[in-house]
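Breakdown of the fold
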Amino acid sequence: MKTVDCSLPVGFDRDETAENVRRFFNRRLDWYLSQCGSNRTDLKSPTLSLAGGGSPIGNAAENKIINGMIANVICQCIATAIQNCSHRAKQPSYSILVGCYLDELKDWQVATQCGFAKTRFQEVKKEALCEFAERFLYWQTRAGLGTDAVNLISKSDPRATHKRPNQPLYW
């Protein structure tokens, strides 16, 4: 099993981070997918292609080409981050993210599939969203997105640091 240091700040705001991820999946994901010619079901595949899909770019402006390339890398990072999320029975982050945001099922349907009551499911879902935010940032950094990376992590304390005491991220 390969480990990577966590990149979440010690004083990060779990509620706000989870809300940022919800907004990202509900409002921005489709834009990134349309820019690279993919759809939500493509993100379930661990082999999302750099070539993307959709129509050829043709004589489009340079910014459109660059935005499409960045969107493609971001979509690959989304797919990889989801694939690398927990598959454990007590924390089925992968199943929650795929069910709620890729298959677009209702929370109660995903909760039933995962075997959680409504209240417990909301707690586990929040953890899944935070886990995604952490892994998504990691994979964007690894892909070299730099300033184009989408950071969904919200710090509760402006003095929060990215150093965490010996808590590795498993993937």
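Residues numbered from 1 in each chain as written. Predicted model: local features only at pLDDT ≥ 70, side-chain atom pairs only at ≥ 80, totals over all residues. Heavy atoms only, no water.

Relative to each other, helix α1 (residues 14-36) and helix α3 (residues 93-102) sit at 40°, their axes nearing to 11 Å. What the angle tells us is that α1 and α3 run oblique. Along this stretch, α1 crosses α3, giving a crossing that reads as right-handed. Along the contact surface, α1 presents Arg22, Phe25, Asn26 and Leu29, while α3 presents Leu97, Tyr101 and Leu102. For the contact of α1 with α3, a count of residues per class yields five nonpolar, one polar and one charged. (Axes fitted to C-alpha atoms, helices over the stretch in contact; angles between N-to-C directions. Helix = DSSP H or I, 4+ residues; strand = E, 2+ residues; numbered from the N terminus. Parallel < 35°, antiparallel > 145°, perpendicular 65-115°, else oblique. Left-handed = near helix turned anticlockwise from the far one by under 90°. Contact = heavy atoms within 4.5 Å. Nonpolar A, V, L, I, M, F, W, Y, C, P; charged D, E, K, R; others polar.)

A word on helix α5 (residues 118-142). End to end, α5 covers 36 Å across 25 residues, agreeing with the expected 36 Å (1.5 Å per residue, within 8%). Count one or two residues on from α5 and you reach Gly144, which has phi positive near 80°. (Expected span 1.5 Å × (residues − 1).)

Moving on, we get to the nonpolar core. Phe25, Ile78, Ile82, Phe132 and Phe136 are the most contacted members of the largest nonpolar core, which totals 45 residues. Of all elements in the fold, only α1, α2 (62-83), α3, α4 (107-114) and α5 reach the threshold of two or more residues within this core. For this core, the leading source of residues is α5, giving 11 residues. (Core = buried A, V, L, I, M, F, W, Y, C linked by side-chain atoms within 4.5 Å. Buried < 20%, exposed > 50% of the residue type's maximum accessible area, 1.4 Å probe, protein only.)

Quick look at the packing of aromatic side chains now. When we look at a pair of aromatic rings, we describe it by the centre distance and by the angle of the planes. In the structure shown here, the tally under the stated rule is eight aromatic pairs. The interplanar angle of 45° and the centroid separation of 4.9 Å between the aromatic rings of Phe25 and Phe132 together place this pair among those described as tilted. Here Phe132 lies in helix α5 and Phe25 lies in helix α1, a separation of 107 residues in the sequence. Just as Phe25 is buried, Phe132 falls in that class too. When the centroid spacing of 5.0 Å and the interplanar angle of 80° are considered together, the rings of Tyr138 and Trp139 count as edge-to-face. (Phe/Tyr/Trp six-rings, centres within 6.5 Å; stacked < 30°, edge-to-face > 60°.)

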